[in-house]
Amino acid sequence: MKKFLNSADTYLTDALAGFAAAHPDLAVDLENRVVTRARGAVPGKVGLVSGGGSGHEPLHTGFVGEGMLDAACPGEVFTSPVPDQVVAAVRAADSGAGVVLVVKNYTGDVMNFDLAAELAGDEGVRVETVLVDDDVAVQDSTFTAGRRGTGATLLVEKIAGAAAVRGDSLEAVAEIGRRVNAASRSFAVALTAGTTPEAGRPGFDLPADEIEVGVGIHGEPGRRREKLRPAREIVADMVEAILEDRAPGAGEEVIALVNGLGGTPLSELYLVYGEVARLLGERGVRISRSLVGDYVTSLDMAGCSVTLCGADAELVELWDAPVSTPGLRWGM
Amino acid sequence: MKKFLNSADTYLTDALAGFAAAHPDLAVDLENRVVTRARGAVPGKVGLVSGGGSGHEPLHTGFVGEGMLDAACPGEVFTSPVPDQVVAAVRAADSGAGVVLVVKNYTGDVMNFDLAAELAGDEGVRVETVLVDDDVAVQDSTFTAGRRGTGATLLVEKIAGAAAVRGDSLEAVAEIGRRVNAASRSFAVALTAGTTPEAGRPGFDLPADEIEVGVGIHGEPGRRREKLRPAREIVADMVEAILEDRAPGAGEEVIALVNGLGGTPLSELYLVYGEVARLLGERGVRISRSLVGDYVTSLDMAGCSVTLCGADAELVELWDAPVSTPGLRWGM
Amino acid sequence: MDIELARAWVRAVAVAVEKDRELLSDLDAAIGDGDHGGNLNRGFAAAAEAVAALQPGSVGEVLVKTGTTLVSKVGGASGPLYGSALRAAGKRLTGESADPGEVAAALAAGLEEVRRLGGAQPGDKTMVDAYAPAVEAFTEAAGRGAALAEAAQAAATAAEDGARATEPLQARKGRASYLGERSKGHEDPGAVSTAMIFRALADTAAAAG
Amino acid sequence: MDIELARAWVRAVAVAVEKDRELLSDLDAAIGDGDHGGNLNRGFAAAAEAVAALQPGSVGEVLVKTGTTLVSKVGGASGPLYGSALRAAGKRLTGESADPGEVAAALAAGLEEVRRLGGAQPGDKTMVDAYAPAVEAFTEAAGRGAALAEAAQAAATAAEDGARATEPLQARKGRASYLGERSKGHEDPGAVSTAMIFRALADTAAAAG
Ligand SMILES: Nc1ncnc2c1ncn2[C@@H]1O[C@H](COP(=O)(O)OP(=O)(O)O)[C@@H](O)[C@H]1O
Ligand SMILES: Nc1ncnc2c1ncn2[C@@H]1O[C@H](COP(=O)(O)OP(=O)(O)O)[C@@H](O)[C@H]1O
Ligand SMILES: [Mg+2]
Ligand SMILES: [Mg+2]
Ligand SMILES: [Mg+2]
Ligand SMILES: [Mg+2]
C-alpha cells in the first residue's frame, strides 16, 4: 500500500486535522469527529446534516458551508458514523427549526442514523430523514438491501441546502431532498479498486484489461466484470442503464454529474462527459446544468459514475443558488 | 493501460470536446486547440494567456475565465503547444492592451512560446512573458535547463489575472507575475508514475515500497528513489527543501498549496497539508491562505507537490480577488 | 453465568477478534467493504476496557455496557446489530448470576432485536444464519438441564455450522446483497464473527469449569 | 540533391520514425517524458504530406516546407529545433539541385540554428551530439569530392556513433538534465532520431544512385 500516511489508525484523525487547518471558517471537533460551520447554526434556518463512512471526500465534510450542510459526521473509512456522532452533529446544526438528515441507503448508515434520530428526538430536536438510493446497478427488491446512495447525495445536499437557505420549513426541505433523490439515477464503472488503510490492498483485483461494471463506492465488487472497451461503448451502457430506469419526464431537463471516483484524471472525466452529452443530445434530452470532477469518491479508485437528475425550473434555480464550501462553490 | 479512452490519437480532442460541452461560457476551438472566454477579450484589460502540454488538467484550460486566463492553448499530452496555437490564443486575448504569456520553464515550452511571441509581435500585439520556474528539486545552474515550472503556475495565473482585472498595465501585470514566481518554491513526490495514452504504461516503474522524490509533472523520474516512509517524514523533507531554498522574508506570510498529482485521494492531501501547517507553525511561518486539491496534475500519477509563495498584503489581496473558472472559483 | 464470567467472555471476544481481525476483513472484502475485522476490533477492545472499569451489580450490566460501547464505537451494520443485541440480552439478566435457562432467554431476546432491526431471515446470508441456530442449540441444551459450558459448546458448534452454511447462499441483506449471484461462494463475515463470539463463550465457560 | 531526392528523403524519414516510434518514445520515457516518437511521427507524417502536395521551385523549398510543418505540428523541444534547422538549411538551397558542398553548408547552417536556439554544446547529451559529427563527416567527404550518397553515408555513420556515445553522458540540456546523475546510462532520444534522419538521407541517396 502506498499512501501519504502516518499509520492506518491515525489516518482519519490526521486527515481531519489537516482539513481543519485548511478551513478556518469551519470548526472540526477531532474528538467527536464532527465538522460544523465555525459561526454555528444559522438562526431560524432548518439545519442540514449528513455523514457516512470516510474515503469519499470531498463528501461529506467538504460540503459543509453556506448554502449546503450545517454539519457533517465522518465515520471510519467506509464505515457509517456512530449514533453519538450524528447526534452531536444534529445538536450543532439545530437552531430550533429542526434538522434534515441526508442518509445514503446502506444498512449500517440507516441503522446508525435511525438510532441517532431517535436519540435527537428524545432531546427535543425535530428531525426528518432523506434517504438517498440512486444507484441503478443494484436491483431494488425485497431481496436486496435496496439501492445504494451514491452521486445523487451531492445533488440532494446542494438543493436541499438551498431550500433551507430560502427559508423552507423542515418538512419542505426534506420534501425537496426526496424529490431530488426520486428524480436521480446513477451508474458507476471502476477501472481499479481503491485501497483502504485498514486493508492495505485493493478491495478487489482486476486484470489489466478488465473493468468492474456497476460498482459502488465502498470497494465492493460490481455487478459484473467486463473487458475494457472504448469509452464511448462503456458510457453508452451507463447512460442506457440510467435512462431505462428513469427517463426524464415532460418539462424536465437534466442536471448531469460526471463524478470521478478518485484515481481518474479530470481529462478522462471530461471525455466521459462529452460522450454523455452526445448520447443525451441524440435522444433529445437537454442538459440544463452539469458538473464534472471528483465529488463522491472511493479513495484512489480509478473509475467514474454518471448521475442524471431530472430537474424542473425550481430544482435548477436551487441548484444555481450560491454555495460556498470547500468542495463546491459558486455564486459567492 | 486502463483509461476512459476512445483511442490514443483522439484522446485530446475528445477530452476538449467534453470540456466544451461542460462549459458553455467558454469557447473551444477544437481545430486550433484554443480555449477562450465565449464573450471574447475584455476591452481595455491586459490579456493573460497560458498553455503547455496536456495531462495537467485543470491547468491550463480549467483556469480560463473571469479573474484568471483569457485564453489557453493545450498541446498534446506532455508536449508544449506549437507556435500557431499560441499565436491564435494571443490574438483572442488581446483587446489592444497587450498580452502576458505565462510560460512554464521547459525547453520546448520556452522555444515554442518564444517563436509565438515573435510572430505575435510581428502582428503588432505587445507581448510580455512571465517564466515560471519554481521547482527546487532541479538544480538551477548552467548545467541544466533550469528549474521546472510546476505548482507556482497556478499562483502566477491567479494573481496576475487579478492584477489585469485591477487595470494594471502590460508591464505591471507581467511584473506581478514575476514577483509571484520569484517568491514561490515547490517540491513534489510521486508514489506511482502516470500513464500517457501514447506510451500506454507508466513513465517509470516503482516497486511497491518505493517513492520518487523530486519529480516533475511529465512522468520523468525524480532526483532519487527512496523507501516509502511515514507521511510526516516525507513532508518534512519537502518543506525543508523549499525553505532551505527560500525562507519567507520579513513581513511575508505564505500562500500554501498542497497539490495532488492526479491519483491521490483528497483525504491524503489534507493529511499532507496538516503536516505542512504543523511544520510551518513550528518555524513561526504564518500561512495566510491555503489551497488543497488537484490543480497541476500529471495524469493519474499518485503523489503531491507542496508550493509555498511568500506573499505580502498586495499579493494576498490579489489572491483573494474574485475568480470564476472551471478549476478555481471564489468570490463570484 | 456470573459477573466475572460475563466480563471474561467480553475479554475473550476482544482477544479473538483482534487475532482474527484480518480474516474477518478479508471475508468482508470479498463480498463487502473489508472493514468487519477493524470494526469489531475497535468495538470489542473498547468494550473490554469499559467493562473492566465497571463495578456491575448484575450480569446484565456487563452485557448492556458492552452493547452500548459497540453502538458508540463501531458504526457500520455490525455496530448497531451486535450492540442492540447485547443491550437487549443484558436487560434480561438483572441478577448477580444467571442460570442457563435465563441466559438462553437473554440470547434469544438479542436475536429478536437483530431480526427486528435488520429484517433478515435465516438464509439471507447474515449473522442471523449463525446466531439463530446457536440460540436454538443453547436453548435445547439448557432445556434438558445442561450446564452453561455444555450449552455454550453446543451453541458454538451450531454457530460454526451455520456460518459455514452461508458460503453457497446468495446474500439478500447488507452490502453483500449488491453483488447478487456473485455473493455466492463466500462465507458471511458477520456469521463467522457470531460463531467466534459463541466460541469465546464456550471457551470461557469451560475454563471457569 | 534534387527536388525529388529531397522529397524522397522526407518521405523516408516519415517511414523510419513511424516504424521506430515506440523505440524513440521508450528512450524518451527513460530520461524524459516519453513523447519523442509520437512527436516526430506526427510531424514527419504531416511534412511528407505537405511536400507531396508542393510544387517546389527549389530543393530548399522542400526543406523549408518540412521545417515549417514541423514547427507547426510537433511542439515540444524537438519541433522548433528540427523545424528551424530544416528551415535554415532550406533557405540556403535556392537551386533546382544542390551539389554535396552546398548541401554540407546547408546542413551546417541547420546545426548552427539548433545550437543558437537550444544553446547546447557537444557533450550535453542532445541531438547536437549526433548532428555535429554528422555535419563534420559530411563536410569532410564533400570536401574531398565525394558524391552525395557517399557523404550522406559518412554522415549517417558519424551520427550513429555520436548517438551511441551519448549513453554514458550526464544531460545538461532539455528534460533529461532534471535527472542529474540519473540521466547517465541511456542514449539521448533526439540524438538517436538525428541519426535516423541522416540514415534516411544516406539510404535515399544510395537508392537514387
Ligand atoms: N440486515 C442485516 N441483518 C443482519 N445482519 C446484517 C444485516 N446487514 C448486515 N449484516 C451483517 O453485518 C455484517 C457486516 O458488518 P460490517 O462489515 O461491520 O458492517 P458494514 O456492512 O456496514 O461494513 C455482514 O456480514 C452481516 O452478517
Ligand atoms: N536545448 C537543447 N538543445 C538541443 N537539443 C535539445 C535541447 N533540449 C532538448 N533537446 C533534444 O530534444 C529531445 C527531446 O525531444 P522531445 O521529446 O520531442 O521534446 P520534449 O523534451 O519537449 O518532450 C532530446 O532528446 C534532445 O535531443
Ligand atoms: Mg463498512
Ligand atoms: Mg514533451
Ligand atoms: Mg463491512
Ligand atoms: Mg519528450
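Residues numbered from 1 in each chain as written. Chains lettered and ligands numbered in written order. Predicted model: local features only at pLDDT ≥ 70, side-chain atom pairs only at ≥ 80, totals over all residues. Heavy atoms only, no water.

What follows deals with the environment of Val296 of chain A. Residue and element names in this part refer to chain A. Within the fold, Val296 resides in the loop between β11 (287-293) and β12 (303-311). In the structure, Val296 is positioned 230 residues away from Glu66 in sequence and 19 Å away in space, judged by C-alpha atoms. Not counting residues within four places of it along the chain, the set of residues in contact with Val296 comprises His56, Leu59, Thr150, Gly151, Leu154, Ile217, Asn259, Gly260 and Leu261. (Helix = DSSP H or I, 4+ residues; strand = E, 2+ residues; numbered from the N terminus. Contact = heavy atoms within 4.5 Å.)

The next point concerns the coordination of the magnesium ion (ligand 6). Residue and element names in this part refer to chain D. Coordination of the magnesium ion (ligand 6) by the protein involves Asp28 (OD), Asp33 (OD) and Asp35 (OD), with metal-donor separations of 2.0 to 2.1 Å. The sequence motif formed by the donor residues of the magnesium ion (ligand 6) is D-x4-D-x1-D. A separation of 3.5 Å is found between the magnesium ion (ligand 6) and the magnesium ion (ligand 4), both of which receive a donor from Asp33. For the pair Asp28 and Asp33, one class covers both residues: buried. (Donors = N, O, S within 2.8 Å, 3.2 Å for Na, K, Ca; no water. Buried < 20%, exposed > 50% of the residue type's maximum accessible area, 1.4 Å probe, protein only.)

As a further point, take the relation of the copies chain A and chain B. Superposition record for chain A on chain B: RMSD 0.0 Å, screw rotation 180°, translation along axis 0.0 Å. The operation mapping one copy onto its partner corresponds to a two-fold rotation axis. Mapped onto chain B, 100% of the interface residues of chain A again fall at the interface, so both copies present the same surface. (Least-squares fit on C-alpha atoms with pLDDT ≥ 70 in both.)

Quick look at the site of ligand 2 now. Residues in close proximity to ligand 2 total 21 residues, the closest being His36, Ala77, Ser78, Asp188 and Gly190 of chain D. Around ligand 2, the nearby residues trace back to chains B and D. Contact between ligand 2 and Asp28 of chain D: an oxygen atom at 3.0 Å from a side-chain N or O atom of the residue. Between an oxygen atom of ligand 2 and a side-chain N or O atom of Asp188 of chain D, the distance comes to 2.6 Å. For ligand 2, the accessible surface in isolation is 560 Å², of which the surrounding protein chains cover 96%. Residue assignment for the shell around ligand 2 shows that the elements contributing at least two residues are α3 (36-53), α5 (78-91) and α9 (189-207) of chain D. With three residues, the top contributor of residues to the shell around ligand 2 is α9 of chain D. When the residues that make up the shell around ligand 2 are grouped by side-chain class, the tally is six nonpolar, nine polar and six charged. (Near = heavy atom within 4 Å. Polar contact = N/O pair within 3.5 Å; in protein donor to acceptor, adjacent residues only side chain to side chain. Areas by Shrake-Rupley, 256 points an atom, 1.4 Å probe, with all protein chains shown as cover. Nonpolar A, V, L, I, M, F, W, Y, C, P; charged D, E, K, R; others polar.)

It is worth spelling out the domain arrangement of chain A at this point. Residue and element names in this part refer to chain A. On domain assignment, one finds that chain A holds domain 1 (12-183) and domain 2 (184-319). A straight line from the C-alpha centre of domain 1 to that of domain 2 covers 22 Å. Across the contact, 34 residues belong to domain 1 and 36 residues belong to domain 2. Close ionic contact of Glu314 with Arg179 constitutes a salt bridge, the shortest N to O distance being 2.9 Å. Applying the counting rule to domain 1 against domain 2 returns 20 residue pairs in polar contact (both at pLDDT 80 or more). Those elements that provide at least two residues to the side of domain 1 that touches domain 2 are α4 (152-166) and α5 (170-182). Ranked by the residues each element gives to the side of domain 1 that touches domain 2, the list is headed by α4, at eight residues. Grouping the constituent residues of the side of domain 1 that touches domain 2 by class yields 18 nonpolar, seven polar and nine charged. (Domains from an automatic or database assignment. Salt bridge = Lys/Arg side-chain N within 4 Å of Asp/Glu carboxyl O.)

Residue and element names in this part refer to chain D. Relative to the assigned elements, Ala89 resides in helix α5. Between the C-alpha atom of Ala89 and that of Asp35, which follows or precedes it by 54 residues, the distance is 25 Å. Among all residues touching Ala89, those that are not within four sequence positions of it are Leu63, Ala106, Leu107 and Gly110.

If you look at the interface, chain A gives 53 residues, while chain B gives 53 residues. Buried surface at the junction of chain A and chain B, summed over both partners, amounts to about 4,300 Å²; 63% is from carbon and sulfur atoms. Taken together, the links from chain A to chain B amount to two salt bridges. A salt bridge links Glu268 of chain B to Lys3 of chain A; its shortest N-O distance comes to 3.6 Å. Summed over the shared surface of chain A and chain B, the number is 25 residue pairs in polar contact (both at pLDDT 80 or more). Elements with a contribution of two residues or more to the side of chain A that touches chain B: α1 (11-22), α6 (231-245), α7 (266-282), β11, β12 and β14 (329-330) of chain A. No other element matches the 10 residues that α7 of chain A contributes to the side of chain A that touches chain B. When grouped by side-chain class, the residues that make up the side of chain A that touches chain B number 31 nonpolar, 11 polar and 11 charged. (Buried area = accessible area lost by both parts, 1.4 Å probe.)

Contact residues are listed per partner, giving 36 residues for chain A and 34 residues for chain C. Carbon and sulfur atoms make up 52% of the surface buried where chain A meets chain C, a total of about 2,600 Å² over both sides. The interface formed by chain A and chain C holds three salt bridges in total. Note that Arg182 of chain C is salt-bridged to Glu212 of chain A, the shortest N-O span being 2.9 Å.

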